[in-house]
Amino acid sequence: MAVLLKNRGAVLLLMLNLFLVFTGIGLVIPIMPKFMEILGISGSTVGLLVAAFSLTQLLFSPLAGRLADSYGRKKMIVIGMLVFAISEMLFGIASDPVLLFVSRLLGGVSAALIMPAVMAYAADVTTKEERAAGMGYINAAITTGFIIGPGIGGYIAEYGIRVPFYAAAAGGVIAACVTLLILRESRPCEEEPSDVPSDGASQQSRGSLLSQLLHSYREPYFLSLIIVFVMTFGLANFETIFGLFVDHKFGFGPKEIAFIITFGSIAGAVVQLTAFSWILNRFGEKRVISICLLFAGVFILLTLFVHKFWIIFAVTFIVFLAIDIMRPAISTQMSMLAKDQQGYVAGLNSAFTSLGNIAGPIVSGFLFDVNVNYPYMLASVILLLCFGLSLKAKNRSVQDAQVVS
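Now for a look at the structure at hand. Computed from a prediction, not measured in an experiment: that's the story for all the values here. (Residues numbered from 1 in each chain as written. Predicted model: local features only at pLDDT ≥ 70, side-chain atom pairs only at ≥ 80, totals over all residues. Heavy atoms only, no water.)

**Here's the deal with the environment of M326**
Alright, step 1. Structurally, M326 is set in helix α15 (residues 309-338).
Alright, step 2. It is 8.7 Å that separates the C-alpha atoms of M326 and I291, two residues lying 35 residues apart in sequence.
Alright, step 3. Sequence-distant contacts of M326, defined by excluding residues within four places in its chain, comprise M231, I289, C292 and L293. (Helix = DSSP H or I, 4+ residues; strand = E, 2+ residues; numbered from the N terminus. Contact = heavy atoms within 4.5 Å.)

Below you can see the structure in the form of structure tokens.
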């Protein structure tokens, strides 16, 4: 029982770190319309700015996953939190787009260091039976931070447009210190993989980023990685220009944007913390992922046809809820398949997430400059196509099971 309580405390501390990181990522969303006005930047520049974060996250994620396996999870988390604090401070003092890009590039490095280490740590301290609940808690922190960040940014910005970033930097330093002093390492640094000839994943873990991505199609969790990419592309497409979309189309200000996104994030986090484990055990990962893809695609499309505030709020809520349930379902599925390669698989998960976060904002930013509705049309189509792919994969799994029996 004491060990269980200790593990719960560790998971809570991991949740705090991820919450702060993804809150910092999301802070910029309700503020970007104002930044666009002050700095004279276009929607395409906003998309590139968001994508810059994910570019360095992509480049560093596989390396970070290997470092988490070789040198321990705790070191990577602490270093990542300090880099995060520096990036937030730079964003706060930036007066031109160049420093904004530098800040977001450093922010991507911090996320790359933190995410694989946290996911691997959670896998280390949970049993297979607890894995779904553990991943639900971890992803609740990610979801809450990433989606509540815009809400917090919108409210705190009333005291100054740069204040939210200074607060995030201070929070990063505090979280790094608390982690350094309290969190125990889950895997000793000297623990190495067995001398037994390694499998394909182990061999790939020593390769380059390009090699890992090219060989990922051989892994049993490749479809999950594709869904991670598509899901992230759709969410990034949706959220990157959400503030700009409702500002241009409906005249919403930071407070209205903050209310819509904050309420949705809180509801999603409650579901992840309370009902997610039951949902996954009752319906299974594949069915949950398929249903969430369908709902996300349909309700993103519906945002183009609604006009009243409360209807916009309701539609947006369903989109965020579907994503909130789907993300930990995919993470749980991949963790079950990863076996002793938790850090490596978590790194690939982060890499494919970054690919979606690079492509989504860039495409949505350029499409926004052409027509305000185009980004959401594309996001909906891609999510629905992925829904069809998930159904096909599920049917193939059923057929394979019947052949085996």
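**Describing the packing of aromatic side chains**
Alright, step 1. Throughout the structure, instances matching the rule amount to 7 aromatic pairs.
Alright, step 2. Both rings, one in F91 and one in F165, keep their centres 4.6 Å apart while their planes meet at 35°; by these two values the pair is tilted. Here the residue F91 occupies a position in helix α4 (residues 73-93), and F165 occupies one in helix α7 (residues 163-182), the gap between them amounting to 74 residues. Just as F91 is buried, F165 falls in that class too.
Alright, step 3. When the centroid spacing of 5.3 Å and the interplanar angle of 85° are considered together, the rings of F309 and W310 count as edge-to-face.
Alright, step 4. Using a relative accessible area of 23% as the deciding quantity, one classes F309 as partly exposed.
Alright, step 5. Members of the aromatic cluster, joined through ring pairs, are F309, W310 and F313. (Phe/Tyr/Trp six-rings, centres within 6.5 Å; stacked < 30°, edge-to-face > 60°. Buried < 20%, exposed > 50% of the residue type's maximum accessible area, 1.4 Å probe, protein only.)

**Let's talk about helix α3 (residues 43-71)**
Because an α-helix completes one turn every 3.6 residues, residues spaced three or four positions apart along the sequence face the same direction.
Alright, step 1. Spanning 29 residues, α3 covers 41 Å between terminal C-alpha atoms, matching the ideal 42 Å at 1.5 Å per step.
Alright, step 2. At F60, α3 shows its largest bend, some 40°, and a proline, P62, comes one to four positions later.
Alright, step 3. Looking one or two residues beyond α3, the residue adopting positive phi is G72, at roughly 105°. (Expected span 1.5 Å × (residues − 1). Bend = angle between axes of the 7 residues up to and from the residue.)

**Points about the packing of helix α13 (residues 276-283) against helix α14 (residues 285-302)**
Alright, step 1. Closest axis-to-axis distance for the α13/α14 pair is 6 Å, and the angle between their directions is 110°. One element, α13, and the other, α14, form an angle in the roughly perpendicular class. Here I279, L280 and F283 of α13 come into contact with α14, specifically with E285, R287 and V288.
Alright, step 2. Looking at the contact of α13 with α14 residue by residue, the classes come out as 4 nonpolar, no polar and 2 charged. (Axes fitted to C-alpha atoms, helices over the stretch in contact; angles between N-to-C directions. Parallel < 35°, antiparallel > 145°, perpendicular 65-115°, else oblique. Nonpolar A, V, L, I, M, F, W, Y, C, P; charged D, E, K, R; others polar.)

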